[in-house]
Amino acid sequence: MQRNILVRVMALALAVSFLCGCTAWQGVEDLLRAPQLSVDTKEVQSALNSHLGETVQFKYPNQGDFLTPYFFGDWDGDDQIDAAVLYQASSSANVQLALLQRNEEGSWKVQSTVEGLSATVDSVRLATIQNNGGEQILVGYSTAGDTYLAVYNLKDGSLETVLQQPYTQYLVEDITGDEVEDLIVLADDSAGKTQVQVLIGANDGFTRLPAIGLSDEYFSGYASLAAGAGARDGQFLVLDGWTGAGGQDLASAVFRYDSTNHRMEMTKLDGTDNLYRDSLRYAPCLISRDLDGDGIVEIPTQKEDTGLLSQTQGKRYSFVHWMDFTSTSSVKSFGILDEAYNIYIQLPQEWEGDLMLKDGANDTLEVCNLAGDRVLMRLRITDEPSMSSWYTIGLVASRQIQAQIASDVTELTVADLRSGIHFL
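The rules we used
Residues numbered from 1 in each chain as written. Predicted model: local features only at pLDDT ≥ 70, side-chain atom pairs only at ≥ 80, totals over all residues. Heavy atoms only, no water. Helix = DSSP H or I, 4+ residues; strand = E, 2+ residues; numbered from the N terminus. Buried < 20%, exposed > 50% of the residue type's maximum accessible area, 1.4 Å probe, protein only. Contact = heavy atoms within 4.5 Å. Pairing = 2+ DSSP bridges. Axes fitted to C-alpha atoms, helices over the stretch in contact; angles between N-to-C directions. pLDDT = per-residue confidence, 0-100. Phe/Tyr/Trp six-rings, centres within 6.5 Å; stacked < 30°, edge-to-face > 60°.

Here we take up the overall build of the protein. When you go through the protein residue by residue, the secondary structure sums to five helices and 28 strands. By the burial criterion, 48% of the 424 residues in the protein qualify as buried. Considering only intrachain contacts with a sequence separation of at least 6, the fraction spanning at least 24 residues in the protein is 45%.

Looking now at the sheet that holds strand E28 (residues 421-423). To summarise the sheet geometry, strands pair through backbone hydrogen bonds and adopt either a parallel or an antiparallel arrangement. Spatial strand order, E18-E20-E21-E22-E28: five strands in an open sheet with antiparallel pairing. In this open sheet, the two strands that pair with only one neighbour each are strand E18 (299-301) and E28. When the angles between neighbouring strand axes are averaged without regard to direction, this sheet yields 30 degrees. Where strand E20 (residues 317-323) lies against strand E21 (residues 331-338), seven bridges are found, and the strand directions are antiparallel. Its bridge partner being in E21, His321 is matched across the sheet by Phe334.

What follows is about the confidence of the model for the protein. Confidence in the prediction of the protein, expressed as mean pLDDT, is 86, and 88% of residues score 70 or more. Within the model, the stretch residues 1-36 combines pLDDT values under 50 with 29 contacts to residues more than four positions away or in other chains.

With that out of the way, let us pick up the packing of aromatic side chains. If you walk through the whole model with that rule in mind, you get nine aromatic pairs. A centroid spacing of 5.3 Å and a plane angle of 35 degrees characterise the contact between Phe58 and Tyr70, whose relative ring orientation is tilted. With Phe58 in strand E1 (residues 57-58) and Tyr70 in strand E2 (residues 70-73), this residue pair connects regions lying 12 residues apart in the sequence. For Phe58, a relative accessible area of 15% corresponds to the buried category. Classification of Tyr70 by relative accessible area gives buried; the value is 9%. Plain terms: the ring middles of Tyr167 and Tyr170 are 5.4 Å apart, the flat faces sit at 75 degrees to each other, and that makes the pair edge-to-face. The buried category is assigned to Tyr167, whose relative accessible area is 8%. On the basis of relative accessibility, which here comes to 13%, the residue Tyr170 falls in the buried class. Grouping aromatic residues by their ring pairs yields a cluster made of Phe66, Phe71 and Trp75.

Here's what the structure looks like:
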């Protein structure tokens, strides 16, 4: 697993330096060296092995912000750094989580251990949910295609499990606006019906708000959760669901916390009077997300009046708007989707409604004016190095994404394309 992490780091470093025009090979020799444990990590590892009387197998999360079995934080609010380790010992088939704290001599000592829910760690994150001055440890476990979430709290020097439940997806957001993070879980209930549950930290446990869900009249399943700010004060929860005759299209619903009734309720939006209709899209990769990193969740849409599609490459390209429906000026981004590679490329908004996409020579895509008599730019994905007026704007599947901008175009630059490309 360490080798996999190293490979990811190398690939990212090479890609970034390549796109920035930097010398890619400087520092690669350092990347090839075996990862070195920090002093604290070595001490934690030694203390754990000594406590258990064996050399344990450390467990790495499959995804998330923590791709390491070691993580550090102040989990009891005493302003002292604690350590936690994910491992598997010979005495158990499941993952174990160990808490370590420094003693008076400054050495790490195991204070508490707790058994996890499977032998595989899906993800780890830290959150401030309980409002007890410290942080909680959230661990996602996976087994046989199912995922389970456990929330651990540190109290009086011991780890306690304050939540265990199956989940499909979860978020940690201050959705209620009380300046303490809440836990939002997408999961099936005991009857097998998928619902969204908002859990608010209370008395070392959770208070559950009434569950919310998508209408069975319009939706056949759940695709994704996202949460973020909007044009109006407060946080908005966006639910994407599968819809359409084959259940392969997407649409969205938006909920907001009602502090009077203490529940999540579907909210009226300034940018639409029919969100289901206006958020319909037909590409499975078009999941709502904070596309531009401004804290607002954008909902993608595929509108038919944006331009013409006149190409023969399997209709893999389409025009996409990313919308903030909490605002009256709701268009946040406009561009092209390549469904073959799940790539979105942002274009100038002044081009909206006056574009035609059509095939060019040698498997290129031409972005033309609506009349089709002026080529504004060309796109291609190729194994060939960039040359002449072609510029590399990204990498996908070990191939280069290249663009060629017409010399008379002033609204768009290569730098704009590089910063406006998103992998969905």
